[in-house]
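Residue-level listing of the chains:
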Amino acid sequence: MKKRFCEVTVHRNEQNSGITKSLNYMIKLAKGEIIKSIASDDMLDKEYIYDIVKYFTDNPSKQFVFTNGYNVSENVHFPVDSVIKKIYNEPPDLSGKNLLQRVYQGNFVSSIGMAVKKELFDAYGLYDTNIAVDDWEFILRLLSNNVEL
């Protein structure tokens, strides 16, 4: 079995910069080609990283992916023993018809399962630090530039 997470670097802000500025700082520092952020109250399935790397390896033209997830009680600890509900009962319709408009009207792309090739940030910019829902604006920016989800 290959060694996982061969290199981990920890950075600590001297003062709270906010989520978006911290994410942008970490994206700039990232050396890998896939960006996966995770909030302090989120958990990933034990195979998530493997599955995402495999997906990008098997689909080299893809630059963005998002997966299903589960809402769980605040009191749940890993391994999860109490699922409240699945985020998507049915996979979202990602067909090209009015996708930008549909995402604009109601963001259905769950950031919990979102992974992005770093090259998208290089090409289309980092998160907008003036907007509270930074990942939504970033997804809209990608769609407005015809990036395929």
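Since this is a predicted model, take the numbers as computed values, not measurements. (Residues numbered from 1 in each chain as written. Predicted model: local features only at pLDDT ≥ 70, side-chain atom pairs only at ≥ 80, totals over all residues. Heavy atoms only, no water.)

Q: Go over the overall build of the protein chain, please, and point to the residues and values.
A: If you tally the helices and strands in the protein chain, you get five helices and five strands. Order of helices (α) and strands (β) in the protein chain, N terminus to C terminus: α-β-α-β-β-β-α-β-α-α. Looking at the protein chain as a whole, 27% of its 149 residues qualify as buried. The contacts in the protein chain between residues at least 6 apart in sequence include a share of 56% that link residues at least 24 apart. Within the structure as shown, the protein chain displays about 10800 Å² of accessible surface, and the carbon and sulfur contribution to it stands at 50%. (Helix = DSSP H or I, 4+ residues; strand = E, 2+ residues; numbered from the N terminus. Buried < 20%, exposed > 50% of the residue type's maximum accessible area, 1.4 Å probe, protein only. Contact = heavy atoms within 4.5 Å. Areas by Shrake-Rupley, 256 points an atom, 1.4 Å probe, with all protein chains shown as cover.)

Q: Could you give me a rundown of helix α5 (residues 134-144), with the residues and numbers involved?
A: Of all 11 residues in α5, nine are buried; the element is thus mostly enclosed. Within α5, the full set of buried residues consists of D134, D135, E137, F138, I139, L140, R141, L142 and L143. On its buried face, α5 is in contact with α1 (19-29), β2 (64-65), α3 (99-105), β5 (115-117) and α4 (118-124). The first or second residue beyond α5 is N146, which carries a positive phi of 65°.

Q: Run through the sheet that holds strand β1 (residues 34-35), naming residues and quoting values.
A: Reading across the sheet, the three strands line up as β1-β5-β2 and stay open at both edges, with antiparallel pairing between neighbours. With partners counted over all chains shown, the strands left at the sheet margins are β1 and β2, one partner each. In this structure, β2 lies alongside β5, joined through two bridges in antiparallel fashion. When the sheet's bridge partners are listed, V65 is paired in β5 with A115. (Pairing = 2+ DSSP bridges.)

Q: Tell me what's going on with a nonpolar patch on the surface, and back it up with residues and numbers.
A: On the surface, a cluster of nonpolar side chains totalling about 250 Å² of accessible area is made up of Y25, M26 and L29. Tracing the chain through its elements places Y25 in helix α1. (Patch = residues over 30% accessible without salt bridge, like charges linked within 9 Å, V, L, I, M, F, W, Y side chains within 5 Å. Salt bridge = Lys/Arg side-chain N within 4 Å of Asp/Glu carboxyl O.)

Q: Outline the pattern of salt bridges, listing residues and values.
A: Taken as a whole, this structure holds four salt bridges when the rule is applied. K62 serves as the salt-bridge partner of E148, at 2.5 Å between the closest nitrogen and oxygen. One end of the pair, E148, is in the segment after α5; the other, K62, is in the loop between α2 (48-58) and β2, and 86 residues separate them in sequence. Given a relative accessible area of 53%, E148 falls into the exposed group. Among the salt bridges present, the one from D122 reaches K118, with a minimum N-O distance of 4.0 Å. Residue D122 and its partner K118 are both found in helix α4; the two are separated by four residues, about one turn of the helix. Since its relative accessible area comes to 59%, D122 is described here as exposed. Residue class for K118 comes out buried when judged on its relative accessible area of 15%.

Q: Just give me the short version of the packing of aromatic side chains, but keep the residues and values in it.
A: Across all of its chains, the model carries five aromatic pairs by this definition. On the numbers, 6.3 Å between centres and 65° between planes, the contact of F64 with F66 is edge-to-face. Through pairs of rings, three or more aromatic residues link up here, namely F121, Y127 and F138. (Phe/Tyr/Trp six-rings, centres within 6.5 Å; stacked < 30°, edge-to-face > 60°.)

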